[in-house]
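Here is how the chains run, residue by residue.
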Amino acid sequence: MDHPNNNLLPDDEDICVTLDMDDGTQVECEILTIFELNDQDYIVLIPTDESNPDEEESAVYIYRYFEDEEGNPSLENILDDEEFEAVEEKFDELLDEAEFDED
């Protein structure tokens, strides 16, 4: 599977996707990173159109990530609280590593 090795994507590789939200709206997002945890891939998306630029932290969306035999991507909600907490912790570690690498 072609995706970054647990690193945030470089700026020149921004890939946009459109999320269909439960309320019927759509949100344009960039892929921030794809990483693996416990033999499952996860994708982190960040909205490209921030409605409130005054917020210190942007919202991010994290989903299970799959590709079929042809390489077509699909996303799945993380429904288990323990799984989500583990994924969130791994993402926080990746952010810390990225910030450390920038220094």
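Residues numbered from 1 in each chain as written. Predicted model: local features only at pLDDT ≥ 70, side-chain atom pairs only at ≥ 80, totals over all residues. Heavy atoms only, no water.

A. Looking closely at the overall build of the protein. For the protein, the helix and strand inventory stands at one helix and five strands. Of all 103 residues assigned to the protein, the portion counted as buried reaches 26%. A separation threshold of at least 6 residues defines the contact pool for the protein, and within that pool the share at least 24 residues apart is 35%. Within the structure as shown, the protein displays about 7,600 Å² of accessible surface, and the carbon and sulfur contribution to it stands at 40%. (Helix = DSSP H or I, 4+ residues; strand = E, 2+ residues; numbered from the N terminus. Buried < 20%, exposed > 50% of the residue type's maximum accessible area, 1.4 Å probe, protein only. Contact = heavy atoms within 4.5 Å. Areas by Shrake-Rupley, 256 points an atom, 1.4 Å probe, with all protein chains shown as cover.)

B. Geometry of the pairing of strand β3 (residues 40-47). Of all eight residues in β3, seven are buried, a share of seventy percent or more. Looking at chain direction, strand β2 (residues 26-37) and β3 are connected through eight bridges and run antiparallel. Along β3, the bridge assignment pairs F35 with Y42. Hairpin connection from β2 to β3: two residues lie between these consecutive antiparallel strands, with N38 at a positive phi of about 55°. Where β3 lies against strand β4 (residues 61-67), five bridges are found, and the strand directions are antiparallel. Bridge assignment links Y42 to a residue of β4, and that residue is R64. (Pairing = 2+ DSSP bridges.)

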